[in-house]
Amino acid sequence: MNGGRAALCVEQKELVAEGVVRLRLVDPRGVRLPDWAPGAHIDLNLSNGLTRQYSLCGNRWDAMSYEIAVLLEPNSRGGSEFIHRQLQVGDLVQMGGPRNNFRLVPADSYLFVAGGIGITPLLPMIEHAAKMEAPWTLLYSGRQLSSMAFIDRLQSYGDRVVIRSRDTQGRFDLGAAVSNLRQGAKVYCCGPTSMIDALEQFCRSLPTGALRRERFTAKVQTSPARSTAYEVELARSGKVLTVEPGESVLNAILKAGAPLLASCREGLCGTCETTVLSGVPDHRDSILSDTERERNLSFYPCVSRAASDRLVIDL
Amino acid sequence: MARLSQLVPSSGHEPPILVDDPFSEAVLSSPFEFQHALREAGPVVYLSSHNVYAMGRFEEVRAALVNWQGFESGNGVGLFNPRHETPYRRPPSAILELDPPIHDAPRHALEQALGPRMLTGFRDGWARTAEIMVEELLNREVIDAVADLAEAFPLKVFPEAMGIPEEGRENLLLYSDHNFNSFGPNNALVENGRAAFTKLVGWMGQQGSRESLRPDGLGARIWAKTDEGDLTAAQAAGVIRSLLIAGLDTTVHALGAIIDAFLSAPRQWELLRAEPTRARVAFDEAVRWASPVQTFFRTATRDIGVAGTKIPEGEKILMFLGAANRDPRRWDNPDQFDLNRDPSGHVGFGMGIHRCVGQHVARLEAEVVLHELARRVARIEPSGEPKPHLNNTLRGWKTLPVRLIPA
Ligand code: HEM
């Protein structure tokens, strides 16, 4: 998948649940959009200056359009409000991506756990699991049924889908769901931090890679591995930058005039992924798995830093 | 030679009919006249010799390759159509003949395992191998650029990089050659190769197991994906066999094509020598110019219109990568091997979701060989009549006698 930039045109906008709009986006020239797979997201650069990530939730067998669903978040910094209140059919938005940090990998069975708008990346995953004839279950909860998007689409799957409104029915017993899993199962979760954190606890004893999660808010940051300045060497130009503890590596790179595309600046979207040639990064993103962290092949300079005195990167 | 049939008039929706057999010895040994006729006949043509559709113009070939939703690989990328005939004579490959969703996981695993940054560790060793090989070749009066260079180099580095046992490595060329033949019709090439191939099926079946692979090779790296839960054990073994089958003959014919290309345009060798960093462009331009992989089939997933012609659901379409790579609608002086051209966008590695996942491996091999040749060799001169190697899918040379003039 490429990391390019293009303009998309809003072809449809429709309210699909309380506070949730679904957008259908097409290329204004009427050509194919870049390929994607379930778990992928795009960045939208909204004309109010904000960039936001949205999971693709449509059908990849239709190459001419993307679908996203956006929840109006009262405490948002304005991204969802802009989409809900201002963006209209016919408007153009700048897109980055698609990118995928949440891939569907093979499994003997799948447990999908969605909280609220976290249903979006899981929708195409469910369709894929069904196509691959793998057994699966979806646990989908939200505060109240009226605010839960796509319940209608899920109806045809019968009792594989369990829908629960937290206000009237309480939370799912995720511990029980995990302990009932058979060998070879994978767990996919997208939802609020509390849900992911809880699931992470329950999945401790599962094999590596059995739990895959996507957060829509960045992990709460612990304090950095070091409190002193460090050096970052840009291998292609040979420039060596000194990065103060209070500064982001991304900032230092951009100040030095090296080209690097960034987007969310929170370690969520993956746009600024940079290859590490030597040195040990202090990974602070919400993307890499534990094994990927240990390999130290790449890092996200918007939030990650150096644990060693010097980091050599492929820029 | 190439004839348009007079029998069926070509209306807006019926494609023009071409009667020539693209898998005949005559066309395989020199495909350019046929490719020209194919392109000029129309954007979509019907090949009456095998009852399939075909495309040879760049724009349509590229668009069809990218359109995996409309032109699937899962029904086989050879002539054989399991929708019309049974039984399926080849087991489907672990990646090449899969469509999404089951194509996704093996594809992503290979993209990661064979990405450019994953290969940097091989460069120095391969460069050293190239140095020794060229040194040895310079001691000889005349060499066969196929056996002594194009085959010798990949055979030294590729199975080693994969980490497979030494025993039987030489089987790969024969096995893979027959595999590429079997995408075409059951002609003499297939018949003649069958007996030897059958003897190797058991050997190939043993390749790819985790125990058989060296722990520091590409194969082991693919197996590591199973530890992270990204790939099943069956998928890992399967894609490793796919790499063994797809990774050697293709590169051999590409290296042969590079030598052939410089023989056709000696001035270009001076350009490369003056600026060895052009080695990468030289490789891609040679892949465009020669198209070592000439063709692959797709199947229409529904009735689908291409430039006004209807291709019915379930029909096979033969994509002529080689014809597209020399389409004058896309390339100026397409028959010219030219280092000043930007060859990017050629379809010699395919395009879209099946685009060659091993191209960085092939590119690195070619690059180190070209660097070494450019450093040591002043001129490459022909030294006898080359003989084409015939294969239903691949285009290359059986022998290419040349003289390397030391710098
Ligand atoms: C210059 C040399 C090569 C050429 C011209 C070449 C050409 C191609 C082409 C045209 C395709 C697309 C097939 C399709 O669309 O149906 C392809 C796919 C593929 N190639 Fe290569 N190839 C080369 C080298 C290699 C090497 C060195 C490897 C292994 C290391 C390799 C492994 C593969 C695999 C596994 C696929 C299937 C990818 C998929 O289906 O997603 N190739 N190659």
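All values reported here derive from a predicted model rather than from experimental measurement. (Residues numbered from 1 in each chain as written. Chains lettered and ligands numbered in written order. Predicted model: local features only at pLDDT ≥ 70, side-chain atom pairs only at ≥ 80, totals over all residues. Heavy atoms only, no water.)

### Quick word on the environment of Gly56(B)
Residue and element names in this part refer to chain B.
Right, on to step 1. Following the sequence through the fold, glycine 56 ends up in the loop between β3 (52–55) and α3 (58–66).
Right, on to step 2. The spacing of glycine 56 and methionine 319 is 263 residues in sequence and 6.6 Å in space, taken between C-alpha atoms.
Right, on to step 3. Look past the residues within four positions of glycine 56 in its chain and what remains in contact with it is Leu38, Arg39, Pro43, Val61, Phe320, Ala323 and Ala324. (Helix = DSSP H or I, 4+ residues; strand = E, 2+ residues; numbered from the N terminus. Contact = heavy atoms within 4.5 Å.)

### Some thoughts on the packing of helix α11 (residues 249–264) of chain B against helix α13 (residues 279–290) of chain B
Residues and elements named next belong to chain B.
Right, on to step 1. Closest axis-to-axis distance for the α11/α13 pair is 9 Å, and the angle between their directions is 90°. Relative to α13, the element α11 is oriented roughly perpendicular. Across the interface between the two elements, Ala254, Ala257, Ile258, Asp260, Ala261, Phe262 and Ser264 from α11 touch Ala282, Phe283, Ala286, Trp289 and Ala290 from α13.
Right, on to step 2. Its residues placed into classes, the contact of α11 with α13 shows 10 nonpolar, 1 polar and 1 charged. (Axes fitted to C-alpha atoms, helices over the stretch in contact; angles between N-to-C directions. Parallel < 35°, antiparallel > 145°, perpendicular 65-115°, else oblique. Nonpolar A, V, L, I, M, F, W, Y, C, P; charged D, E, K, R; others polar.)

### Side note on the sheet that holds strand β12 (residues 230–234) of chain A
All names here are of chain A.
Right, on to step 1. Pairing within the open sheet is mixed, and its 5 strands lie in the order β13-β12-β18-β14-β16. Because the sheet does not close on itself, it has two edges, and the strands there are β13 (239–243) and β16 (298–299).
Right, on to step 2. With 5 bridges connecting them, β12 and β13 associate as antiparallel partners. By the bridge assignment, leucine 234 is partnered in β13 with lysine 239. (Pairing = 2+ DSSP bridges.)

### Overview of the domain arrangement of chain A
All names here are of chain A.
Right, on to step 1. Once the domains are mapped, chain A shows domain 1 (6–99), domain 2 (109–215) and domain 3 (230–313).
Right, on to step 2. Computed over C-alpha atoms, the centres of domain 1 and domain 2 are 23 Å apart.
Right, on to step 3. At the junction of the two partners, domain 1 supplies 17 residues and domain 2 supplies 17 residues.
Right, on to step 4. Here domain 1 packs against domain 2, burying approximately 1400 Å² in sum over the two surfaces, 62% of which is carbon and sulfur.
Right, on to step 5. Interface area lost by domain 1 to domain 2 is led by Glu18, Pro38 and Cys57, which between them contribute 32%.
Right, on to step 6. Viewed at the interface, domain 2 and domain 1 are joined by 1 salt bridge.
Right, on to step 7. We note a salt bridge from glutamate 67 to arginine 153, for which the minimum N-O separation is 2.5 Å.
Right, on to step 8. Where domain 1 packs against domain 2, one counts 5 residue pairs in polar contact (both at pLDDT 80 or more).
Right, on to step 9. Here the side of domain 1 that touches domain 2 takes 3 residues from strand β5 (residues 65–71), the largest share from any one element.
Right, on to step 10. Residue composition of the side of domain 1 that touches domain 2, by class: 10 nonpolar, 3 polar and 4 charged. (Domains from an automatic or database assignment. Buried area = accessible area lost by both parts, 1.4 Å probe. Salt bridge = Lys/Arg side-chain N within 4 Å of Asp/Glu carboxyl O. Polar contact = N/O pair within 3.5 Å; in protein donor to acceptor, adjacent residues only side chain to side chain.)

### Points about the coordination of the iron atom of the ligand
Right, on to step 1. Inspection of the coordination sphere of the iron atom of the ligand shows a single protein donor, Cys356(B) (SG), at 2.3 Å.
Right, on to step 2. Note that Cys356(B) resides in the loop between α14 (321–324) and α15 (359–376). (Donors = N, O, S within 2.8 Å, 3.2 Å for Na, K, Ca; no water.)

### Description of the sheet that holds strand β7 (residues 109–115) of chain A
All names here are of chain A.
Right, on to step 1. Read across the sheet, 5 strands follow the order β9-β8-β7-β10-β11 without closing on themselves; strand pairing throughout is parallel. Each edge of the open sheet carries a strand with a single partner, namely β9 (161–165) and β11 (211–215). Strand-to-strand twist of the sheet, defined as the mean angle between neighbouring strand axes without regard to direction, takes the value 10°.
Right, on to step 2. Alignment of β7 against strand β10 (residues 185–191), held across 6 bridges, turns out to be parallel. Counterpart to leucine 111 in the pairing with β10 is valine 187.
Right, on to step 3. Relative to β7, helix α2 (residues 119–131) is tilted by about 160°, and along the sheet it contacts β7, β8 (136–142) and β10.

### With respect to the environment of Glu81(A)
Residues and elements named next belong to chain A.
Right, on to step 1. Its location among the elements puts glutamate 81 in helix α1 (residues 79–85).
Right, on to step 2. On the basis of relative accessible area, glutamate 81 is assigned to the partly exposed category, the value being 37%.
Right, on to step 3. For glutamate 81 and glutamate 292, which are 211 residues apart along the polypeptide, the C-alpha to C-alpha distance reads 35 Å. (Buried < 20%, exposed > 50% of the residue type's maximum accessible area, 1.4 Å probe, protein only.)

### Regarding the pattern of salt bridges
Right, on to step 1. Under the defined criterion, the tally for this structure stands at 46 salt bridges over all chains.
Right, on to step 2. The salt bridge involving Asp104(B) is made with Arg60(A); its shortest N-O contact spans 2.7 Å. One end of the pair, Asp104(B), is in helix α4 (residues 104–113); the other, Arg60(A), is in the loop between β4 (51–55) and β5, on a second chain. Taken individually, Asp104(B) and Arg60(A) each receive the classification buried, so the pair is uniform in this respect.

### With respect to the site of the ligand
Residue and element names in this part refer to chain B.
Right, on to step 1. The environment of the ligand is formed by 25 residues, the closest being His103, Arg107, Arg298, His354 and Cys356.
Right, on to step 2. At 2.7 Å, a side-chain N or O of arginine 298 approaches an oxygen atom of the ligand.
Right, on to step 3. At a separation of 2.6 Å, an oxygen atom of the ligand approaches a polar side-chain atom of histidine 354.
Right, on to step 4. When the residues that make up the shell around the ligand are grouped by side-chain class, the tally is 15 nonpolar, 8 polar and 2 charged. (Near = heavy atom within 4 Å.)

### What to know about the nonpolar core
General note: in soluble globular proteins, nonpolar side chains tend to be found buried as a group.
Right, on to step 1. In this structure, Trp126(B), Ile222(B), Ile259(B), Phe262(B), Leu373(B) and Leu404(B) are the most contacted members of the largest nonpolar core, which totals 84 residues.
Right, on to step 2. Excluding its chain neighbours within four sequence positions, the residues that come into contact with Leu373(B) are Val134(B), Leu149(B), Ile259(B), Trp269(B) and Leu404(B).
Right, on to step 3. Ranked by size, the runner-up nonpolar core spans 30 residues in total, among them Ala69(A), Leu104(A), Val105(A) and Leu138(A). (Core = buried A, V, L, I, M, F, W, Y, C linked by side-chain atoms within 4.5 Å.)

### Overview of the pairing of strand β11 (residues 387–390) of chain B
Sheet faces and side chains relate simply in a regular strand, where the side chains alternate between the two faces.
Residue and element names in this part refer to chain B.
Right, on to step 1. Here β11 runs beside strand β12 (residues 395–399); their pairing, made up of 4 bridges, is antiparallel. In the sheet register, proline 388 faces β12, and the bridge partner there is tryptophan 397.
Right, on to step 2. Once β11 ends, the chain turns through 4 residues before running back antiparallel as β12.

### What to know about the interface of chain B and chain A
Right, on to step 1. On the chain A side, the residues contacting the 20 residues of chain B number 23 residues.
Right, on to step 2. For the pair chain B and chain A, the summed buried surface comes to about 1800 Å²; carbon and sulfur atoms form 53% of the total.
Right, on to step 3. At the junction of chain B with chain A, the criterion picks out 3 salt bridges.
Right, on to step 4. The partner of Arg212(A) in a salt bridge is Asp230(B), with the nearest N and O atoms 2.8 Å apart.
Right, on to step 5. Taken together, the links from chain B to chain A amount to 11 residue pairs in polar contact (both at pLDDT 80 or more).
Right, on to step 6. Secondary-structure elements contributing two or more residues to the side of chain B that touches chain A are α4 and α5 (116–138) of chain B.

### Points about helix α9 (residues 218–227) of chain B
All names here are of chain B.
Right, on to step 1. Counting buried positions along α9 yields 7 of 10 residues, so the element is predominantly enclosed.
Right, on to step 2. Inspection of α9 places Leu218, Gly219, Ala220, Ile222, Trp223, Lys225 and Thr226 among the buried residues, and these make up the whole buried set.
Right, on to step 3. On its buried side, α9 packs onto α4, α5, α6 (145–162) and α10 (233–246).
Right, on to step 4. Glycine 229 occupies a position one or two residues after α9 and carries a positive phi of about 80°.

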